[in-house]
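# Fold and contact review
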Amino acid sequence: MPYKTIKTAEENGTGFIYFDREDHLNTITVEMINDISSALSDMESTCRSIVIGGKKNFSAGADVLQFPELDPSEAYEFHRKLNELALYFREYTWPVISFLNGYVFGGGLELSLSTDIRVCSRDAQLSQPEIGLGINAGAGGNVILPHVVGRNRALYMILTGARLNAQTAYEFGLVDILAGNALEEATRLGQIINTKPENTVKLAKRAVNNTSSSHIKTNLDYEAALFGILFSGKDTKDRINNFIKKKEK
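Residues numbered from 1 in each chain as written. Predicted model: local features only at pLDDT ≥ 70, side-chain atom pairs only at ≥ 80, totals over all residues. Heavy atoms only, no water.

### Observations regarding the packing of aromatic side chains
- In this structure the tally under the stated criterion is six aromatic pairs.
- Centre to centre, the rings of Tyr 18 and Phe 99 are 6.3 Å apart; their planes meet at 70 degrees, and the pair counts as edge-to-face. In this pair, Tyr 18 is assigned in strand S2 (residues 14–19) and Phe 99 in strand S4 (residues 96–100), connecting sequence segments 81 residues apart.
- Geometrically, the ring pair formed by Phe 19 and Phe 58 is edge-to-face, given 5.1 Å between the ring centres and 65 degrees between the ring planes. Highlighted residues: Phe 19 in strand S2 and Phe 58 in the loop between strand S3 (49–53) and helix H2 (72–91), separated in sequence by 39 residues.
- The buried category is assigned to Phe 19, whose relative accessible area is 7%. (Phe/Tyr/Trp six-rings, centres within 6.5 Å; stacked < 30°, edge-to-face > 60°. Helix = DSSP H or I, 4+ residues; strand = E, 2+ residues; numbered from the N terminus. Buried < 20%, exposed > 50% of the residue type's maximum accessible area, 1.4 Å probe, protein only.)

This is the structure we're talking about:
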């Protein structure tokens, strides 16, 4: 099935989803969210593992160019779409392995937090830069990130917008594996998983998610509501418009 924002492939039981908006640093749009969700659904009956990412950049976050037109209600709905994809990763039947190259920012980083294994290129940069735009993190930056790296490190990332190199991200526990070639390593892990007993893999993932996800849906919705509220403020609108003007120069 053709998609506008991603490319897909299947090989030896592993499904590959490649983000294909590199001219926009793979920033995330509603169309991209829908394409990824559709591809995952299409692969569920034919694959035993999923490898997902961008060959140059994982994602620089949500596409800010769509933000000026959003009112608080529309901002909330966009955030909910991100949340639904993050939850889909977590609840998906098979393991989802992300390979992180280049920029892994904002909504891109937050989506990766809901994948099952994160393989990071040694030259990747990771960040929660939303505060500079006057918005809060989406897709679990305030909900899931503290459980991954701890409360204080999460607040450090959220409140400063600091860029972390791959080694620091690994030391924080933000990524699971460092690799010279993240795609190759993610593919290798997928192939290993494909050799394991099918039902054991499914139930193991379900058991782990059950211990950590009971509160996540409710808290993600609260996070989305806060995201929407911030779009009613002049400071947020001004910061977003200034960011876009700088990019257009």
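From this point on, the discussion continues.
### Points about unusual backbone geometry
- In this model, Leu 25 sits at a positive phi of 55 degrees, which is unusual for a non-glycine residue.
- For Leu 25, the location among the structural elements is in the loop between S2 and helix H1 (30–43).
- Residue classification places Leu 25 among the partly exposed positions, given a relative accessible area of 30%.
- In this structure, Asn 26 is a non-glycine residue whose phi angle is positive, near 55 degrees.
- Mapped onto the fold, Asn 26 is located in the loop between S2 and H1.
- The exposure class assigned to Asn 26 is buried, which follows from its relative accessible area of 0%.

### Digging into the nonpolar core
- Judged by nonpolar contacts, the single largest core of 65 residues is most densely connected at Ile 17, Ile 36, Leu 126 and Leu 174.
- If one sorts the elements of this core by residue count, H1 sits on top with six residues.
- There are two domains that each give this core at least three residues, and those are domain 1 (6–195) and domain 2 (198–248).
- Not counting residues within four places of it along the chain, the set of residues in contact with Ile 36 comprises Ile 6, Ile 17, Phe 19, Ile 52, Leu 85 and Phe 89. (Core = buried A, V, L, I, M, F, W, Y, C linked by side-chain atoms within 4.5 Å. Domains from an automatic or database assignment. Contact = heavy atoms within 4.5 Å.)

### A short note on the pairing of S4
- Along S4, five of the five residues are buried, which leaves the element largely enclosed by surrounding structure.
- Here S3 pairs with S4 via four bridges, running parallel. Note on S4: the bridge partner recorded for Ile 52 is Ser 98.
- Relative to strand S6 (residues 117–121), S4 runs parallel, the two sharing four bridges. What sits directly across from Ile 97, in S6, is Ile 117. (Pairing = 2+ DSSP bridges.)

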